[in-house]
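Listed below are the residues making up each chain.
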Amino acid sequence: MTGFTAPKGTFDLLPPASELVLAVRAAMSAPLVNAGYGYIETPVFEETALFERGVGESSDVVSKEMYSFVTRGDDHVTLRPEGTAGVVRAAIQHRLYAGQLPVKLWYSGSFFRYERPQAGRYRHFSQVGAEALGVDDPLLDAELIALAMQAYASLGLSRVRLLLNTLGCRECRPVYRAALQDFLRGLDLDEETRRRVEINPLRVLDDKRESVQKQLSGAPVGRDFLDDACREHYDAVRAALSSLGVSWEEAPRLVRGLDYYTRTTFEFQHDGLGAQSAVGGGGRYDGLSEDIGGPSMPGVGWALGVDRTILALQSEDVSLAEASGVQVFAVPLGFEAKQRLLVVVDALRRKGIRADLVFGDRGLKGAMKAADRSGAALTIVAGERDLSDGNVQVKDMATAAQEAVAIDDVVDHIEKRLQQ
Ligand code: HAM
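Predicted, not measured: the structure shown is a model, and the values here were computed from it.

A. Local environment of the overall build of the protein chain. In terms of helices and strands, the protein chain carries 16 helices and 16 strands. Reported as C-alpha extents along the three principal axes, the dimensions of the protein chain are approximately 90 × 55 × 45 Å. Long-range contacts, defined here as pairs at least 24 residues apart, represent 70% of the contacts in the protein chain between residues at least 6 apart. For the protein chain, the accessible area works out to roughly 20,700 Å², and carbon and sulfur atoms hold 50% of it. Across the protein chain, the mean location of the 48 positive side-chain charges is 3 Å away from that of the 59 negative side-chain charges.

Written as structure tokens, this is what we have:
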């Protein structure tokens, strides 16, 4: 039999690299928890229609990238390509809008898009996201953006740029849309792009091809069409960002890949990543709840890509303090020693010290190699002679200095040594 491998566009996360993923997720969620966001978990698959109506049938994500299937029970379901639609669905289902507002939620998990895999673009990827529902306060937009910037800063990233835009609302955007369509219809575009002009003209602004970009320099800009309420909202977001010390770049052409956005939209980009430079993104989606059959419930949120953030850390050469690995490694010589040291290791773990011991029957050489590889600061070695004296040897792995310690005192001894 030939061996199986992880499907195309996916990868396995193995220690020690997987520790970095946990650390990144923790750093992304910490500012949210501090700001009163509660954890939510929704299913990794939802009814296909939720994404069609929520994310939008004309978006690439829905029209080209969904993992959709019909179940044995004839249900049409899709592996979630993003988190917002599911969170809003849950908020409607559980009537969260009837309680304290805003409803502040965060999540972390796996998402699936059938994309062409490349560096930073996978078919199975990981996001940490946040959504604030039920209030259309521009200061919430600013709060969320500032929390994301805090997360990136706490990871030690210094090259994350915030791109900011506003898309207007469902009243003023149609006017802009019509003006943009008029402009685009006059350009030299291929047939597929012409079709896009009719269905989703804003997406044309996002066309990466130079032949298209070249023609867009005179395109009408959305913010010239904002109504008063949208302009005031955007001004308030910017004023709040300034007072929070967050700097941004105006990005009037920034179009997000999902159709639910209204008003504020933003993306976090990192220059070290090549084509897939967005490490996170989000915005306001004041009509999404109604689109999926819910009550009026404005919302704003973002999702940060864990995988791309790790690539960004690598490109900036940031190594996170290793919280991984063990602090103490035990090397028993013989079965009786192993039984005794398992008890010592268990006592260390109960004190919150990360400890491990050699399992299986390895010789002293192999066991010491394992101790070396474990990254532990201290190793406990015990042979039969030590034990009959009531002792173990504690070895400092950095200096190789070794001392005999009474086995009954070794837990206290190690605890003190690690505190120094
Ligand atoms: P998004 O921009 O589609 O937004 O995704 C957010 C982030 O997820 C991206 O910036 C990127 O870092 C990461 N990401 C997306 N697709 C991939 C992929 N194929 N491989 C690796 N990483 C990827 C959303 O998903 C919205 N739900 C964000 C949001 C929340 N808006 C409002 N609330």
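B. Inspection of the sheet that holds strand β2 (residues 45-47) at higher detail. Reading across the sheet, the 3 strands line up as β2-β4-β3 and stay open at both edges, with antiparallel pairing between neighbours. Looking at which strands have only one partner, the edges of the open sheet turn out to be β2 and β3 (67-70). Along the sheet, successive strands turn relative to each other by an average axial angle of 30°, direction set aside. Bridge count for β2 against strand β4 (residues 76-79) is 3 bridges, and the pairing is antiparallel. Within β4, the position partnered with Glu46 by the bridge is Thr78.

C. Layout of the packing of helix α1 (residues 17-34) against helix α12 (residues 306-315). Where α1 meets α12, the closest approach of the two axes is 10 Å, and the angle between their N-to-C directions is 105°. As the angle between them shows, α1 and α12 are arranged roughly perpendicular. Touching Leu20, Val21, Val24, Arg25 and Met28 of α1 are Val306, Thr309, Ile310 and Leu313, all from α12. Broken down by class, the residue content of the contact of α1 with α12 amounts to 7 nonpolar, 1 polar and 1 charged.

D. Quick look at the packing of aromatic side chains. Evaluated as defined, the whole model comprises 10 aromatic pairs. Note on Tyr39 and Trp106: the rings are 4.9 Å apart at their centroids and 55° apart in plane angle, and the pair reads as tilted. Of this pair, Tyr39 sits in strand β1 (residues 38-39) while Trp106 sits in strand β5 (residues 103-112), and the two are 67 residues apart along the sequence. Members of the aromatic cluster, connected to one another through ring pairs, are Tyr107, Phe111 and Phe125. The cationic tip of Arg123 hangs over the ring face of Tyr114; the distance from NZ or CZ to the ring centre is 3.9 Å.

E. Expanded view of the environment of Arg417. Among the secondary structure elements, Arg417 is positioned in helix α16 (residues 410-419). As for Arg417 and Gly3, which are separated by 414 residues in sequence, their C-alpha atoms are 47 Å apart. Those residues in contact with Arg417 that lie beyond four places of it in its chain are Leu378, Val394, Asp396 and Glu403. Here the side chain of Arg417 touches Glu403 through a polar contact of 3.0 Å, side chain to side chain.

The rules behind each value
Residues numbered from 1 in each chain as written. Predicted model: local features only at pLDDT ≥ 70, side-chain atom pairs only at ≥ 80, totals over all residues. Heavy atoms only, no water. Helix = DSSP H or I, 4+ residues; strand = E, 2+ residues; numbered from the N terminus. Contact = heavy atoms within 4.5 Å. Areas by Shrake-Rupley, 256 points an atom, 1.4 Å probe, with all protein chains shown as cover. Lys, Arg positive; Asp, Glu negative; His and termini not counted. Charge placed at Lys NZ, Arg CZ, Asp CG, Glu CD. Pairing = 2+ DSSP bridges. Axes fitted to C-alpha atoms, helices over the stretch in contact; angles between N-to-C directions. Parallel < 35°, antiparallel > 145°, perpendicular 65-115°, else oblique. Nonpolar A, V, L, I, M, F, W, Y, C, P; charged D, E, K, R; others polar. Phe/Tyr/Trp six-rings, centres within 6.5 Å; stacked < 30°, edge-to-face > 60°. Lys NZ or Arg CZ within 6 Å of the ring centre and 35° of its normal. Polar contact = N/O pair within 3.5 Å; in protein donor to acceptor, adjacent residues only side chain to side chain.

It is worth stressing that arrangement in space is one thing and function is another; only the former is reported here.
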